[in-house]
Amino acid sequence: MQTLRMGQAINQALREEMLRDPDVFLAGEGIGVGIHHSPLLPTAGLLKDFGAGRVKDTPVSEAAIAGLAVGAAVAGLRPVVEIMFNPFFTLASDMIVNHAAKLRYLSGGKSSFPLVVRMKSGAGFGAGCQHSHNLEAWAAHCPGLKVVMPSTPADAKGLLKSAIRDPNPVIFIEDLALYFVPGPVPEEEVMIPIGQAEVKRPGKDVTVVTWSKMVGVALEAADQLARENIGMEVVDLRTLVPMDKETLLASVRKTGRLVVLHEATRTGGFAGEVAAVVMEEAFAHLQAPLRRVTGPDIPVPASPPLERFYLPSAEKLMAAVREIL
Amino acid sequence: MPRKTIQMEKRIDYLGILDADGKLDAKLDPDLPKELLLKLHRAMVLGRRFDERLLNLQRQGRIGTFAPISGQEASQLGAVATLRDDDWMVPSFRETAAEIWRGRSLESVILAYGGFNEAATLDPEDAPPTLPVAVPVGSQMLHAVGIAWAMRYRREDRVVLTFFGDGATSEGDFHEAMNFAGVFQSPVVFLCQNNQWAISVPRSKQTRARTLAQKALAYGMPGIQVDGNDVLAVVAAVAEAVERARAGDGPTLVECVTYRMMMHTTADDPKRYRSDEEVEGWRAKDPIKRFEAYLVKRKLLTKPGIAKIEEEIQGQIQQAVEGAEKRMASLGDPLEMFAHAYAELPPHLEAQREELAAELRDSREGGGR
């Protein structure tokens, strides 16, 4: 087992897939000659090793980057493109929502759009609301897309490899803070199927469903609650679409209590979808009302003290758990 | 620091070869083979007559909304006639005649305007590669650049021809696509069918620029304006652009000045926004009329010959309508809506499909409550 940070694990997945399949190429803003020299960033060193033909720095043009992926995919390539920050998804969204996601359907299944759009998400850098704005629920709302948000280096690697080989367009959202968090990653090739949640920590008293950076927050809270003999089960959804309902429902049926935790704002957030599924299919098992712990419905503040209190914390999560125990 | 003028080449050619009466400028004659001239003529007439029939079908409620091409036969067919079979065509939504040239069946067009996605699967796998129509205006130009990227990635000498209208030049996608193609020197021909109207917005209110072709200059590519109702001029200009792209010398913007003789789509009434005089003025410049006059003068066609072509085309259309309506009657299983959202059926769609299947079973058992 090697220890890698998530940025390195993503880099390894990209590298392995590019070596395996000559049709895989990367395009995006500053992915080759980056402004940062950190070897921990996902595309570090790839330009040098694969050349400008396969690692393309593009003009600042999100719609064209996503459109390049749509066109190249229908012509048989396997594009992996990067939209620098999640809020810039809006600039690329017509290409993703109206084209990547719908053209297979409109072609009666004749044309295929195997592409990956990687995006950085997550607050915590004082970068402000136009850099930090988690929009996974928008993508999840669009039929034809798959939406993946890994929480660990091993998951990121295994899921990205699956995403690149998937015949559908996949939105792959990477939390920037997680790039620098280390974790064990198997040396051998590991593919993690899209659409499988994972119980990151078993527990008997309450289920916390979460994904991406918030998995760490949940595990921190679980550690603290364990000292009070409260067993928190942490379900890492990993993939929002298609969602692994079975794992989620099995956990809720076991614990009878649910908190959904995400960084994104609350109204219309994906917690609502998780909650609805549980209400529809496991209502009889609930022993208490469910709770959501999320960012408030405001643009992410840039000022550090405000931003700190914007982000859901272990304390907030523990308070929500105590409310329903 | 002085203030000085940066010298730039600013040149936009305008090309016309056949005038409105079908008189040829012999110096500019692209000297196309007789077979190609006759094939173009037949395709233009087919495009027009098919439009007329589709309009009847739409008015009778037998198909849904469609976008007519009448008046634009020369600009789209002249352009597409320059492509090789392995080149790509990326249409907007007003290139039915060009799609048919590329091997799309009339039946498939009728089926698509009837709302059936199966339309795309009717045509043979080895038909020249063509994307489905794109509704968000200008969006297809970005796909064209992506396809061109793939062609170059594989070191193939195939080119991509993409169509759009005058309205699309106001979209961000136009500018992003032109810029990418310029930077990457993509093998793309950007074919603007300037038909003077973006639904109800006239060309004069679309941009302050004198020509649309000149927008090419800002992206470092050549631009040319063509009489889009003159099929010979369109062939000549686009052939030059295709050759440039194939040789690796990058993209070109071709502006075909033409006119949409009918409505934007069957959902609007052009009488509300433009005058009959304007339409009649353009009718005098009709692309088919002038091309026929030329072909008759060259003795490649005769009046009875034209009548025979018209008759054959009506037969071809009739057969397609019958075939398509027969096929439509056999399609329409509601469960089909789940078939192609993803390559496979994910669990949540399987469940939703089952919900619908149960609903259908109930309604059948309930005797159509």
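About the thresholds
Residue numbers run consecutively from 1 along every chain, following the written order of its sequence. Both sets of labels track the order of writing: A upward for chains, 1 upward for ligands. Under the rules for a predicted model, residues below a pLDDT of 70 receive no local features and side-chain atom pairs below 80 are neither given nor counted, while totals for whole chains, interfaces and linings still include all residues. As a convention, hydrogens and water are excluded, and side-chain values are obtained from all of the structure's heavy atoms. A domain assignment, automatic or from a database, supplies the domain bounds used here. The contact criterion used is simple: two residues touch if any of their non-hydrogen atoms lie within 4.5 Å. As a working definition, buried area equals the accessible area (1.4 Å probe) given up by two parts on being put together, with both sides summed. One side-chain nitrogen of Lys or Arg within 4 Å of one carboxyl oxygen of Asp or Glu is enough to make a salt bridge. Nitrogen and oxygen atoms within 3.5 Å of one another constitute a polar contact, given that in protein one can donate a hydrogen and the other can accept it, and given that sequence-neighbouring residues count only through two side-chain atoms. Known as pLDDT, the predictor's confidence for each residue is given on a scale from 0 to 100. Numbering goes from the N terminus for both helices and strands, where a helix is a DSSP run of H or I of at least four residues and a strand is a run of E of at least two. Centre distance within 6.5 Å is the pairing criterion for rings of Phe, Tyr and Trp, where only the six-membered ring of Trp is used; planes under 30 degrees apart are then read as stacked, over 60 as edge-to-face, and the remainder as tilted. For every residue, the accessible area (1.4 Å probe, protein chains only) is compared with the maximum for its type, and the residue is labelled buried under 20%, exposed over 50%, or partly exposed between those bounds. A ring is considered to have a charge above it if a Lys NZ or an Arg CZ atom is located within 6 Å of its centre and within 35 degrees of its normal.

### Description of the domain arrangement of chain A
Residue and element names in this part refer to chain A. The domain architecture assigned to chain A consists of domain 1 (2-185) and domain 2 (198-324). Placing a centre on the C-alpha atoms of domain 1 and another on those of domain 2 gives a separation of 26 Å. Between domain 1 and domain 2, the residue contacts involve 26 residues of the former and 23 residues of the latter. Between domain 1 and domain 2, a total of about 1,900 Å² is buried, with carbon and sulfur atoms accounting for 57% of that surface. Linking domain 1 with domain 2 are three salt bridges. One salt bridge connects aspartate 175 with lysine 213, and the closest N-O pair in it is separated by 3.2 Å. Across the domain 1-domain 2 interface, the total number found is 15 residue pairs in polar contact (both at pLDDT 80 or more).

### Overview of the confidence of the model for chain B
For chain B, mean pLDDT is 96; residues scoring 70 or higher make up 99% of the total. For this predicted complex, the interface score ipTM comes out at 0.94, alongside a pTM of 0.96.

### Points about the environment of A:Val148
Residue and element names in this part refer to chain A. In this structure, valine 148 sits in strand S6 (residues 146-148). Residues valine 148 and arginine 118, spaced 30 residues apart in sequence, show a C-alpha to C-alpha distance of 9.6 Å. Those residues within four positions of valine 148 in sequence are excluded, and the remaining contacts are Leu159, Val170, Ile171, Phe172, Ile173, Ile194, Arg238 and Thr239.

### Description of the domain arrangement of chain B
Partitioning chain B into domains gives domain 1 (13-329) and domain 2 (333-365). Distance from the C-alpha centre of domain 1 of chain B to the C-alpha centre of domain 2 of chain B: 38 Å.

### As for the packing of aromatic side chains
In total, this model carries 13 aromatic pairs over all chains according to the counting rule given. Ring plane angle 55° and centroid distance 5.5 Å describe the contact between B:Phe66 and B:Tyr113, whose orientation is recorded as tilted. Taken together, the positions of B:Phe66 in the loop between helix H1 (34-59) and helix H2 (73-80) and B:Tyr113 in helix H4 (residues 106-113) put the pair 47 residues apart, joining distant regions of the chain. Taking the relative accessible area as the measure of exposure, B:Phe66 reaches 2% and is therefore buried. Take B:Tyr113: its relative accessible area is 17%, and that puts it in the buried class. A centroid spacing of 5.3 Å and a plane angle of 40° characterise the contact between B:Trp197 and B:Tyr273, whose relative ring orientation is tilted. With a gap of 76 residues between them, B:Trp197 in strand S5 (residues 197-198) and B:Tyr273 in the loop between strand S8 (252-257) and helix H9 (276-283) connect regions that are remote in the sequence. Both residues of the pair, B:Trp197 and B:Tyr273, belong to the buried class. Site record: aromatic cluster; members linked through ring pairs are A:Phe25, B:Trp149, B:Tyr153, B:Phe180 and B:Phe184. Against the face of A:Phe85 rests A:Lys120, its NZ or CZ located 5.2 Å from the ring centre.

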